Amino acid sequence: MKVDVLVIGGGSAGLAAAVTASRAGMKTVMVERHGMAGGMGTASLVHTFCGLYFIDGDEARHANPGLPEEFADRMEMATGAGPVKMGRVWVLPQHPVEFARIADEMLRESGVQVLFHSDVISLEPGWRAKVACRGEIREIEAGAVIDASGDAVGAAMLGLPDDRVAADRLQRPAYVSGIQGVVGELEGLALSGRLVEGVRSGDLPKSSLGMHFRSSGRSGEVFGTLDLSGEETGGYDPTDPACLSALEESGRTVTNAVLGYLRKHQEGWGMAYVSHWPARAGVRESRRYRGEVILTGAEILAGERCKDEVALATWPLELRETNRGPKLRYPEGGKASGIPSGALRVAGVDGLYVAGRCISCDHEAQASIRVMGTCFATGQAVGRMVARTGAGFG
Ligand SMILES: Cc1cc2nc3c(=O)[nH]c(=O)nc-3n(C[C@H](O)[C@H](O)[C@H](O)COP(=O)(O)OP(=O)(O)OC[C@H]3O[C@@H](n4cnc5c(N)ncnc54)[C@H](O)[C@@H]3O)c2cc1C
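Residues numbered from 1 in each chain as written. Predicted model: local features only at pLDDT ≥ 70, side-chain atom pairs only at ≥ 80, totals over all residues. Heavy atoms only, no water.

*Asks:* What is the right way to look at the overall build of the protein chain in this model?
*Replies:* Looking only at helices and strands, one finds nine helices and 20 strands in the protein chain. A compact globule built from 394 residues should have a C-alpha radius of gyration of about 21 Å, and the protein chain, at 21 Å, falls within 12% of that. Dimensions of the protein chain along its principal axes, counting C-alpha atoms only, are 65 × 50 × 40 Å. Burial statistics for the protein chain: of 394 residues in total, 54% are counted as buried. Summarising the internal contacts of the protein chain: among those between residues at least 6 apart in sequence, 74% fall at separations of at least 24. Averaging the coordinates of the 42 positive side-chain charges in the protein chain and doing the same for the 48 negative ones gives two points 1 Å apart. (Helix = DSSP H or I, 4+ residues; strand = E, 2+ residues; numbered from the N terminus. Rg over C-alpha atoms; globule rule 2.2 N^0.38 Å. Buried < 20%, exposed > 50% of the residue type's maximum accessible area, 1.4 Å probe, protein only. Contact = heavy atoms within 4.5 Å. Lys, Arg positive; Asp, Glu negative; His and termini not counted. Charge placed at Lys NZ, Arg CZ, Asp CG, Glu CD.)

*Asks:* For this particular structure, what's the right way to read the site of the ligand?
*Replies:* Taken together, 34 residues form the shell around the ligand, and within it E32, M40, T48, R370 and M372 come nearest. Interatomic distance of 3.2 Å between a backbone N/O atom of S12 and an oxygen atom of the ligand. The fraction of the free accessible surface of the ligand (1000 Å²) that becomes covered by protein chains is 96%. Contributions of two or more residues to the shell around the ligand are made by α1 (12–23), β3 (48–49), β7 (119–124) and α9 (372–389). (Near = heavy atom within 4 Å. Polar contact = N/O pair within 3.5 Å; in protein donor to acceptor, adjacent residues only side chain to side chain. Areas by Shrake-Rupley, 256 points an atom, 1.4 Å probe, with all protein chains shown as cover.)

*Asks:* Even after reading the chapter, I still don't get the packing of helix α2 (residues 67–79) against α9, so can you show me in this structure?
*Replies:* Geometry of a packed helix pair, given as the angle between the helix axes and the separation of the axes. Interaxial distance between α2 and α9 falls to 8 Å at its minimum, and their mutual angle equals 135°. With respect to α9, the axis of α2 lies oblique. Residue-level inspection shows L67, P68 and F71 of α2 in contact with α9, the latter providing G373, F376, A377 and Q380. Of the residues contributing to the contact of α2 with α9, the split by class is five nonpolar, two polar and no charged. (Axes fitted to C-alpha atoms, helices over the stretch in contact; angles between N-to-C directions. Parallel < 35°, antiparallel > 145°, perpendicular 65-115°, else oblique. Nonpolar A, V, L, I, M, F, W, Y, C, P; charged D, E, K, R; others polar.)

Following this line, the structure appears as structure tokens:
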């Protein structure tokens, strides 16, 4: 198969990149391992869009017009829920079921060729990729490649230098499950208190304290998020399959124990059950590319703008280096900062671009730019950049 643009991964960033490139007339293929687009927003059941809006203000104002705003509008239509202010930031509740459906619509409407159930397994400059689907390997030739894999898989396959902090500083993973059958209002404080009692009495493991709940907005349905320390795995490494397997198992075991306990001890939870496990545990941070420019947390905190900015970062640094909740650091005056085009171009490699949570930035900046609103924005930006170069076969 010959295309102008190959997009690796169909998460928030890959979806935005593929739709944007295709709308601009580029023959585009998006290769995605799972059977649906959305990445963490579907496969890992992450259920809130952050980073769509400017910080502060009496109303939610979009920071990145175009596809991020269009996606948010379609989500609002689907769920009937608008932006919600939490402290200084505005967020948009999203439902993973709607995310997958809206993504299908946008991919179809824009003419992207989609290869689900397919894994990019090798990449050669020029560009040639090998894609595996159920034992068969196909080749794709592309004028340009956009790596939106979240894990910078292209850097690993090409042997490029990548950036990654030491395991003990990586943002911690989490396991999000869908739960149904909850009756009445969700009482966050009462639930936390119940989990503390369960741990004190020895009925629950200590890691249960990392669990919190949020209503999905649908009757009787909540999402349970279990923040994990990574130590469940004997040393956290988000690119090691043994570690990832231990995370999955641990997420299910602890969530199951918590549900069993709440069914017995919490009013309204007597009939609650896990209705869906995520397709995979949520990984917040792994490899990052080294681009022409490395965006830093200090620049985001200073609200710095740049001449060649292609998107805006508007989420605070949300550091989750432990499983005891986030540490938020806000930019000066709540200012937005510019994401330079050089952070989306891989240093020294023509025709290789990156979008989403593995763009070129330091660990602190990643704690801001990894949110889905900003991933839509860097995906859109890179789709436009590739279309402007006109690189391709067409
Ligand atoms: C527990 C948790 C809670 C979070 N909470 C929030 C929140 O409340 N709000 C928010 O906005 N953000 C939140 N985030 C962050 C956000 O969800 C992610 O950073 C964001 O979704 C990343 O998008 P992405 O497109 O860069 O990568 P991903 O969503 O990881 O998508 C990458 C895609 O690439 C595919 N892929 C990878 N390698 C290959 C390959 N070789 N071949 C084919 N396909 C491949 C994967 O299957 C995946 O679908 C959270 C993250 C986690 C883990």
